[in-house]
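Structural overview for review
Chain by chain, the residues run as shown.
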Amino acid sequence: MSDPDGEPFPLLIAVAPSPAERIRLAERLDGIAPLLLVADLDELRRLIAAPQERTETAPAAGDGSLVIDSARSTARCRNREVDLTRLELDLLTCLTSEPVRIWSYAELHRTVWRDEGLEGKADVQSVVKRLRHKMRRIGTGATIDAVRGVGLRLTDRRQPRIGRA
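Residues numbered from 1 in each chain as written. Predicted model: local features only at pLDDT ≥ 70, side-chain atom pairs only at ≥ 80, totals over all residues. Heavy atoms only, no water.

**So, the pattern of salt bridges**
For clarity, the cut-off: The term salt bridge refers to a side-chain nitrogen of Lys or Arg lying within 4 Å of a carboxyl oxygen of Asp or Glu. The cut-offs for exposure are 20% and 50% of the maximum accessible area for each residue type, with area from a 1.4 Å probe on protein chains only; residues under the lower value are buried, those over the upper are exposed, and the others partly exposed. Helix and strand definitions here come from DSSP, where helices need a minimum of 4 consecutive H or I residues and strands a minimum of 2 consecutive E residues; each element is numbered from the N-terminal end.
The full count for this structure, using the stated rule, is 7 salt bridges. The closest approach of N and O atoms between Arg76 and Glu81, which form a salt bridge, is 3.8 Å. Accessibility expressed as a relative area gives 36% for Glu81, which makes it partly exposed. In this structure, Lys134 and Glu88 form a salt bridge, with 2.6 Å as the shortest nitrogen-oxygen distance. Of this pair, Lys134 sits in helix α5 (residues 121-138) while Glu88 sits in helix α3 (residues 86-97); the two residues are 46 residues apart in sequence, bridging distant segments of the chain. Each member of the pair Lys134 and Glu88 is classed as buried. One salt-bridge network, held together by shared partners, links Asp69, Arg72, Arg76 and Glu81.

As structure tokens, then:
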């Protein structure tokens with residue numbers, strides 16, 4: 001790494017799965033060097049990975065489709081784009097993998113958090129709330145709908161397809 005003047009400087013990278021651990025590390029390492037805190041190695045790989053060639057053709061920017069760019073952890077619709085956290089990206093990717101399917105909270109928790117045997121309804125609802133807000137900001141017709149007593153599904157009231165970058 002180098003600073004704007006071209007001089008090299010150290011960068012400390014720490015992997016800590018919980019927010020509490022990341023806060024503790026940030027407090028302990030404050031002032032030592034620039035610090036990059038990530039939740040897991042997948043998040044670190046996405047941050048430092050070189051851009052890859054796209055194998056699929058993304059939908060045209062003006063067609064109103066939701067486009068998920070996994071490499072950049074973003075969601076885009078027309079000319080608007082939002083950054084996604086790892087959990088938001090994984091949840092949205094899960095829901096778009098089978099857009100008609102209704103996913104139970106337990107299935108979503110197992111897939112996104114990779115936890116076995118946990119319901120995690122509050123965890124899922126928290127991420128869904130943030131995703132809904134971000135999807136409204138970019139103006140996509142895709143929404144995450146709750147199906148009472150069953151779970152969640154992704155629906156698109158304006159455009160029938162969801163693209164991938």
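Now that the structure has been shown, we can carry on.
**Considerations on the pairing of strand β6 (residues 142-147)**
The cut-off we apply is this: When DSSP finds at least two bridges between two strands, those strands are taken to pair.
The sheet contact formed by β6 and strand β7 (residues 151-156) spans 6 bridges and is antiparallel. What sits directly across from Ala142, in β7, is Asp156. Hairpin connection of β6 to β7: 3 residues between the antiparallel strands, including Gly149 at a positive phi of 80 degrees.

**Some points on the nonpolar core**
Nonpolar side chains tend toward joint burial in soluble globular proteins. Rules: The nonpolar core is taken to be a set of buried Ala, Val, Leu, Ile, Met, Phe, Trp, Tyr and Cys residues, with the residues joined through side-chain atoms within 4.5 Å. Whether two residues are in contact is decided by their heavy atoms, any of which lying within 4.5 Å being enough.
Counting residues in each nonpolar core, the largest one holds 27 residues, and the members touching the most others are Leu66, Leu91, Leu92, Leu108 and Ile144. At the level of secondary structure, the elements contributing two or more residues to this core comprise β3 (66-69), β4 (74-77), α3, α4 (105-112), α5, β6 and β7. Filtering out sequence-adjacent residues up to four positions away, Leu92 remains in contact with Leu66, Ile68, Ala75, Leu84, Leu131, Met135 and Leu154.

**Structural notes on the side chain of Lys134**
Note the following rule: What qualifies as a polar contact is a pair of N or O atoms within 3.5 Å, subject to a donor-acceptor requirement within protein and to the restriction that residues adjacent in sequence count only when both atoms come from side chains.
Judged by its relative accessible area of 16%, Lys134 is buried. A polar contact is formed between the side chain of Lys134 and the backbone oxygen of Asp83, at a distance of 2.8 Å. Aside from chain neighbours lying at most four places away, what touches Lys134 is Val82, Asp83, Leu84, Thr85 and Glu88.

**A short note on the confidence of the model for the protein chain**
To keep it simple, the criterion reads: One number per residue, pLDDT, summarises how confident the predictor is, and it ranges from 0 to 100.
Of all residues in the protein chain, 76% have pLDDT values of 70 or greater, and the mean over the chain is 77. Confidence, expressed as mean pLDDT per element, reaches its minimum in the protein chain at strand β8 (residues 162-164) with 50 and its maximum at strand β5 (residues 80-83) with 92. Within the model, pLDDT remains below 50 along residues 53-61, and this stretch shows 18 contacts once partners closer than five positions in the same chain are excluded.

**Structural notes on unusual backbone geometry**
Even without glycine at this site, Ser73 takes up a positive phi of about 55 degrees. Looking at the element boundaries, Ser73 is found in the loop between β3 and β4. Owing to a relative accessible area of 12%, Ser73 belongs among the buried residues under this scheme. Of note in this structure, Arg78 is not a glycine but carries a positive phi near 55 degrees. Considering the arrangement of structural elements, one finds Arg78 in the loop between β4 and β5.

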